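Chain by chain, the residues:
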Amino acid sequence: MPQYGYAGSILKVDLTTGRAERLPTADYAGRFVGGRGLACSLYWEMVPAGVKAFDPDNCLIFASGPLAGFPGFAGGRFNVCGKSPLGRPESFTYANLGEGWGIMLKYAGYAALVVRGAAQRPSCLYIHDDGVEIRDATHLRGKSTFDTIDTLKAELGRDVNVLAIGPAGENHLPFAVIIGDGDASGSGGLGAVMGAKNLKAIAVRGKNRPQAAHPERLEELAAAIRNARPKGGIPQMWGVKGLTHFHACYGCGIGCSREMYELGGRRYKALCQSSNMYEAFSVKYEGRRDGSQFLATRLCDGYG
């Protein structure tokens, strides 16, 4: 029987033992809505009371919702959930990321990924249509998030989608972030939890598209959303004219005020972080609005 919207399995990986197992999504999706609903129920079931953020028994849960993989609905965002070191007291939280990693996880056949345990050395989790691998990532230790992503794409192929941490996560900085393709970023301190698990990155590749229960009706709704977009386009909010351009996340089909720019053969994001936090200082120093504020975002994202 097809698992409409969701992928049919939830992947659970234990980095301590190296064991991977698959759970049926249907046991959860019928009772809990969306990626965060799946993640909350899995966390409640699998994480014992009193577990600390950096304990191996703390689970990191990556989950997308039923709209992921269906273009036109901005449904490609996904959640990373777990107990965070950032709060006092430590508590369960979530990060919400865009771009294509959550969609690719579903294409690989999984509605969610649960990671528990801790590897003995820096490791990379590689999930693809043919299996699950825990690969040595010692050569990636100390690398920036950007260099880690680029290195894994060179090793595994440009079509993989990667989540990575930088030196901040490796050193358990409480507010360390997770960075993905397209500079998608997830905060809440969960990058430090990845570091505590010795998990440098997660690379995903898949080609199994999800099925819709009513594909014709789905297309009608997607068309209605497309027709409702502003006719004059979205005003430029975060970028710099002549330097940045609008960019819709993978599989979005709608678009927002997110912009990108190219530097040294690589694309980087121009978003609220640069304008709200760093632009005033940059303009005061440079005397003009020339995009130099983006350097601060690149440094923060690169270090994770």
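Residues numbered from 1 in each chain as written. Predicted model: local features only at pLDDT ≥ 70, side-chain atom pairs only at ≥ 80, totals over all residues. Heavy atoms only, no water.

Draft legend 1. Examining the packing of aromatic side chains more closely. Evaluated as defined, the whole model comprises 6 aromatic pairs. Arranged with centres 5.1 Å apart and planes meeting at 80°, the rings of phenylalanine 146 and tyrosine 268 form a pair that is edge-to-face. Taken together, the positions of phenylalanine 146 in helix H4 (residues 145-156) and tyrosine 268 in strand S15 (residues 266-270) put the pair 122 residues apart, joining distant regions of the chain. Relative to phenylalanine 294, the ring of tyrosine 261 lies with its centre 4.8 Å away and its plane at 20°, an arrangement referred to as stacked. Of the two residues, tyrosine 261 is situated in strand S14 (residues 259-263) and phenylalanine 294 in helix H9 (residues 294-303); the sequence distance between them amounts to 33 residues. Classification of tyrosine 261 as buried rests on a relative accessible area of 3%. (Phe/Tyr/Trp six-rings, centres within 6.5 Å; stacked < 30°, edge-to-face > 60°. Helix = DSSP H or I, 4+ residues; strand = E, 2+ residues; numbered from the N terminus. Buried < 20%, exposed > 50% of the residue type's maximum accessible area, 1.4 Å probe, protein only.)

Draft legend 2. Looking closely at unusual backbone geometry. Cis geometry is adopted by the peptide bond preceding proline 89, which originates at arginine 88 and carries an omega value of 5°. Positive phi outside glycine occurs at glutamate 99, with the angle close to 65°. Classification of glutamate 99 as buried rests on a relative accessible area of 8%. In this structure, asparagine 198 is a non-glycine residue whose phi angle is positive, near 60°.

Draft legend 3. Broad picture of the pairing of strand S1 (residues 9-14). Here 6 bridges tie S1 to strand S2 (residues 19-24), and the two strands are oriented antiparallel to one another. Looking across to S2, one finds that serine 9 is bridged to proline 24. Across 6 bridges, S1 lies against strand S6 (residues 110-116) in parallel orientation. Note that in S6 the partner of serine 9 across the bridge is tyrosine 110. (Pairing = 2+ DSSP bridges.)

Draft legend 4. Structural context of the layout of surface pockets. The computed volume of the largest pocket comes to approximately 370 Å³. Contributing to the lining of the largest pocket are 19 residues, with Lys153, Arg158, Asp181, Gly182 and Arg267 lying nearest its centre. Secondary structure elements with two or more residues in the lining of the largest pocket: H4 and S15. For the lining of the largest pocket, a count of residues per class yields 5 nonpolar, 5 polar and 9 charged. Here the second largest pocket is characterised by a volume of approximately 220 Å³. The element best represented in the lining of the second largest pocket is H9, accounting for 3 residues. (1 Å grid on protein atoms, 1.4 Å probe; cavity = no way out; pocket = protein on both sides within 12 Å on 5 of 7 lines; lining within 4 Å. Points joined across faces, edges and corners; volume = space filled by probe spheres on them. Nonpolar A, V, L, I, M, F, W, Y, C, P; charged D, E, K, R; others polar.)

Draft legend 5. Expanded view of H4. Compared with the 16 Å implied by 1.5 Å per residue over 12 residues, the 16 Å span of H4 between its first and last C-alpha is a close match. Within H4, burial applies to Thr145, Phe146, Thr148, Ile149, Thr151, Leu152, Lys153 and Leu156. In the stretch just after H4, glycine 157 is the one whose phi turns positive, near 120°. (Expected span 1.5 Å × (residues − 1).)

So yeah, pure geometry; function would need other evidence.
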